[in-house]
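# What the coordinates show
Read off the chains here:
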Amino acid sequence: LAQLPPGWTDEDIGFPSVPGSASYSGGNWTVSGAGSDIWGSYDTFNFAYLPTSDNVMIVRITSIENTDGWAKAGLMFRDSTDPSAPFAGVVITSANGVSFQWHNAYAGQCNSVQAGGMFAPVWVKLVRANNQFTAFYGPDGAAWTQLGAPQTIPMSTPQLAGLCVTAHNDATLNTSTFTSVSHYYVPPAPPPPPPIFGVYRELWQGIYGGLDTLTNTASNPNWPNNPDPNFTTTYTNFEADVNTGMNYYGQRMRTFVVPPTNGNYIFWISSDD
């Protein structure tokens, strides 16, 4: 058996008629795979992989043998070695450009997004964020073009991640080459903060009159976009601060009300001085 980096395994998926293989030397990979295709609900190809929780994988595909126009070589995150397992992959084909492919359910049909006019050598990248997978391609490993929309694919952690090759011809081997394989973990971005619900209060000081003074930009040049930032806040109800000792100010309180049922509603305000 050819020597692979520690933790890596090479395996034929789906029982191709011709056994495949993978070898590694000095940063360069050679992967040979037969198989009818990575497609449909049952995949047949050669897979050089390792179990990992890393969520980013990058490789430069330096060559792909033209055993068929739809022969494929590239990256794959896969739930297991079962031929019908969920997976996400980004591959270069011999004659049909670069393709983002996925099974989002066990034994489900394969889906894909293609970008034509691309040939090896090409860089590809696969990114996982929880169960959302995104594919990229590019000319140099620095400038990336996203291929299609992110796809949600339920998958275990750690998953299998590695290099896939299918000849799209089960009677022969496709020998493809790779370099600059890298994989690493990037913490997912924190979820956005929850929306703030409540009553929004803005306050302007130096108001020496009534409502017309508050809302008149000649008398109050800070109206409406520059309230005092020290008193801009959100309340959980309509009750503003009381007994503050402040004088000569005006304030505005506003919210969006979603009534619990149809009907007539009455709103009123109460204030002192």
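Residues numbered from 1 in each chain as written. Predicted model: local features only at pLDDT ≥ 70, side-chain atom pairs only at ≥ 80, totals over all residues. Heavy atoms only, no water.

### What to know about the sheet that holds strand β14 (residues 159-166)
Convention followed: We call two strands paired when DSSP finds no fewer than two bridges between them. Here a strand is any run of E in DSSP of at least two residues, a helix any run of H or I of at least four, and the numbering for each starts at the N terminus. Throughout, an axis means a line fitted to C-alpha atoms (over the contacting stretch in the case of helices), and angles, computed between N-to-C directions, take values from 0 to 180 degrees.
Read from one edge to the other, the open sheet built from 7 strands follows the order β1-β4-β14-β6-β7-β8-β9, with strand pairing classed as antiparallel. Taken across any chain shown, the strands that pair with only one partner, and hence form the sheet edges, are β1 (9-13) and β9 (111-115). Averaged over all pairs of adjacent strands, the angle between strand axes in this sheet comes to 20°, irrespective of strand direction. Bridge count for strand β8 (residues 98-103) against β9 is 5 bridges, and the pairing is antiparallel. Bridge pairing in β9 links Val-98 to Ala-115.

### Some remarks on the pairing of strand β10 (residues 122-129)
How we decide: When accessible area is computed with a 1.4 Å probe and restricted to protein chains, residues below 20% of their type maximum are described as buried, those above 50% as exposed, and intermediate ones as partly exposed.
Within β10, 6 of the 8 residues are buried, which leaves it mostly tucked inside the rest of the structure. Where strand β5 (residues 56-63) meets β10, 6 bridges bridge the pair, whose relative direction is antiparallel. Looking at β10, one finds that Ile-61 is bridged to Val-122. Judged from the 7 bridges that link them, β10 and strand β11 (residues 132-138) form a sheet pairing that is antiparallel. Residue pairing in the sheet places Val-124 in a bridge with Tyr-137 of β11. Linking β10 to β11, which pair antiparallel, is a turn of 2 residues; within it Asn-130 sits at a positive phi near 60°.

### A word on the side chain of Thr-67
Rule in force here: N or O atoms closer than or at 3.5 Å make up a polar contact, with two conditions inside protein: a donor-capable atom paired with an acceptor-capable one, and, for residues adjacent in sequence, both atoms drawn from side chains. A contact between two residues is defined here by any heavy atoms of the two lying within 4.5 Å.
Within the secondary structure layout, Thr-67 lies in the loop between β5 and β6 (72-78). The exposure class of Thr-67 is buried, given its relative accessible area of 19%. Engagement of the side chain of Thr-67 in a polar contact is seen with the side chain of Asn-174, the distance being 3.0 Å. When neighbours within four sequence positions are excluded, Thr-67 is seen to be in contact with Ser-94, Ala-167, Asn-169, Thr-172, Leu-173 and Asn-174.

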